[in-house]
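Here is how the chains run, residue by residue.
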Amino acid sequence: MEALLKKELATSTLKATGHSGGGCISEGQSYCTDNGMVFVKINHKSQARLMFDGEMASLEAILQTATVKVPKPVKVLDMERGGAVFVMEHLDMGSLNRHSAKLGEQLADLHFHNQRLRERQDRERQTIGRGAGQSDATFIDKFGFHTVTCCGYLPQVNDWQSDWVSFYCQQRLQHQLSLVEKTCGDREARELWSRLQLKIPQLFTGLEVVPALLHGDLWGGNVAECADGPVIFDPASFYGHAEFELAIAGMFGGFSSSFYSAYHKKIPKAPGFENRHQLYQLFHYLNHWNHFGGGYKGSSLRIMKDLAK
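Residues numbered from 1 in each chain as written. Predicted model: local features only at pLDDT ≥ 70, side-chain atom pairs only at ≥ 80, totals over all residues. Heavy atoms only, no water.

Caption draft 1: Spatial organisation of the nonpolar core. In this structure, W164, L173, I200 and F204 are the most contacted members of the largest nonpolar core, which totals 75 residues. Looking at which domains feed residues into this core, each of domain 1 (13-93) and domain 2 (95-124 + 138-308) supplies at least three. Beyond its immediate chain neighbours, meaning those up to four positions away, L173 contacts Y168, W193, I200, L279, L282, F283 and L286. L5, L14, I42 and V87 belong to the second-largest nonpolar core, a separate cluster that totals 11 residues. (Core = buried A, V, L, I, M, F, W, Y, C linked by side-chain atoms within 4.5 Å. Buried < 20%, exposed > 50% of the residue type's maximum accessible area, 1.4 Å probe, protein only. Domains from an automatic or database assignment. Contact = heavy atoms within 4.5 Å.)

Rendered as structure tokens:
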């Protein structure tokens, strides 16, 4: 792997720094090169290239919004004996602490970014021509993403849809439940889903959902801070409902009250938020069930029972 990195990064120096990272999906290591420090994620699974390509596209999309700091991606490389590596900017990161409120503000800015593009384009339609120096970024009016992204190592179905409820039911919940069906064929989950999907549209009555660019997997292990502010990483991005982002954030802790206060100051909770919050957590519990087994079955079924009443 070191020979591959030296060649692709055009460096004669490649020295491990001792900064390492990773979780249950991939491992990582920082290196000094002729051109500065990089962080390299390594995964030996056959689908690693698909996973890393989606992560790179996610980081590029978030970077283009200039709202919240992410590591700058460099390139994805195939390893000779299978798997892939993902090279990105090395950042000196520590646990999220003093920049929690700032992360809440910046995450809200990320979620507002696409809506602001729509507002700007509406203004431009009322004028002749375009002003100097305006961005070429365009409003995304559908839900999905231009490429596959993975939440964990499972690919997400990101085909574009114009209706959020249909997208979420079919391409998030139904997809996860189909995977559950393949592995364990749970009858109770099947019966609950047949009832729940009839109730879901009621949770969105009177609500306009504008597509928002999401990190997609924003739990406490995927946030940190640098000296100059917060940073988020390991994204599984797509355009969806901004409320979806807060679901996994609330499942495993790691976010202070100042984070939520700052976020909701910019994006207040809409009526029905709590029930939709449960609905969005259901995706992550199902995803964990598919990744890690039946320990997450109980939480998945409990939410389905609560919402199907």
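Next comes the rest of the account.
Caption draft 2: Just the packing of aromatic side chains, in detail. Throughout the structure, instances matching the rule amount to 19 aromatic pairs. Measuring from centroid to centroid gives 6.5 Å for Y285 and Y296, while their planes differ by 35°, and the two rings are tilted. Of this pair, Y285 sits in helix α8 (residues 273-292) while Y296 is found in the loop between α8 and α9 (297-308), placing the two residues 11 residues apart along the sequence. Owing to a relative accessible area of 12%, Y285 belongs among the buried residues under this scheme. An aromatic cluster is present here, built from F143, W164, F167, Y168, F204, F238, F244, Y280 and F283 joined pairwise through their rings. Residue placement shows K45 over the ring face of Y153; its charged tip is 4.6 Å from the ring centre. In this arrangement the basic side chain of R172 is found over the ring face of F238, its NZ or CZ atom lying 4.2 Å from the centre. (Phe/Tyr/Trp six-rings, centres within 6.5 Å; stacked < 30°, edge-to-face > 60°. Helix = DSSP H or I, 4+ residues; strand = E, 2+ residues; numbered from the N terminus. Lys NZ or Arg CZ within 6 Å of the ring centre and 35° of its normal.)

Caption draft 3: Seen up close, the domain arrangement of the protein. The assigned domain composition of the protein is domain 1 (13-93) and domain 2 (95-124 + 138-308). If you average the C-alpha positions of domain 1 and of domain 2, the two centres end up 24 Å apart. Tallying the contact residues gives 23 residues for domain 1 and 30 residues for domain 2. Buried surface at the junction of domain 1 and domain 2, summed over both partners, amounts to about 2,100 Å²; 75% is from carbon and sulfur atoms. Counting across the interface, domain 1 meets domain 2 through one salt bridge. For the interface between domain 1 and domain 2, the tally reads three residue pairs in polar contact (both at pLDDT 80 or more). Ranked by residues supplied to the side of domain 1 that touches domain 2, first place goes to helix α2 (residues 48-65) with 10 residues. In terms of residue class, the side of domain 1 that touches domain 2 is made up of 13 nonpolar, five polar and five charged. (Buried area = accessible area lost by both parts, 1.4 Å probe. Salt bridge = Lys/Arg side-chain N within 4 Å of Asp/Glu carboxyl O. Polar contact = N/O pair within 3.5 Å; in protein donor to acceptor, adjacent residues only side chain to side chain. Nonpolar A, V, L, I, M, F, W, Y, C, P; charged D, E, K, R; others polar.)

Caption draft 4: Summary view of the pattern of salt bridges. Scanning the entire structure with this criterion turns up 18 salt bridges. Between K75 and E8 there is a salt bridge, with the nearest N and O atoms lying 3.4 Å from each other. Here the residue K75 occupies a position in strand β4 (residues 73-78), and E8 occupies one in helix α1 (residues 2-8), the gap between them amounting to 67 residues. The exposure class of E8 is partly exposed, given its relative accessible area of 30%. Residue K266 is joined to D109 by a salt bridge in which the shortest nitrogen-to-oxygen separation is 2.8 Å. Separated by 157 residues along the polypeptide, K266 in helix α7 (residues 257-266) and D109 in helix α3 (residues 100-125) bring together distant segments of the chain. When its relative accessible area of 34% is taken as the criterion, K266 is described as partly exposed. Taken together, the salt bridges that share partners define one network made up of K41, E55 and D234.

Caption draft 5: Local environment of the pairing of strand β5 (residues 84-89). Of all six residues in β5, five are buried; the element is thus mostly enclosed. As paired strands, strand β3 (residues 36-43) and β5 are joined by six bridges and run antiparallel to one another. Residue pairing for β5: I42 is matched across the bridge by V85. Relative to β5, β4 runs antiparallel, the two sharing five bridges. Pairing of P73 across the sheet is with M88, part of β5. Where β4 folds back on β5, the antiparallel hairpin that results is connected by five residues, among which G82 adopts a positive phi of roughly 105°. (Pairing = 2+ DSSP bridges.)

Caption draft 6: Looking closely at the pairing of strand β2 (residues 27-33). Among the seven residues that make up β2, five are buried, leaving the element largely enclosed by the rest of the structure. Sheet topology note: the β2/β3 ladder contains seven bridges and is antiparallel. Its bridge partner being in β3, Q29 is matched across the sheet by V40. The antiparallel hairpin formed by β2 and β3 contains two residues in its connecting segment.

Caption draft 7: View of the side chain of R172. Secondary-structure assignment places R172 in helix α4 (residues 164-184). From its side chain, R172 meets the backbone oxygen of V157 in a polar contact 2.9 Å long.

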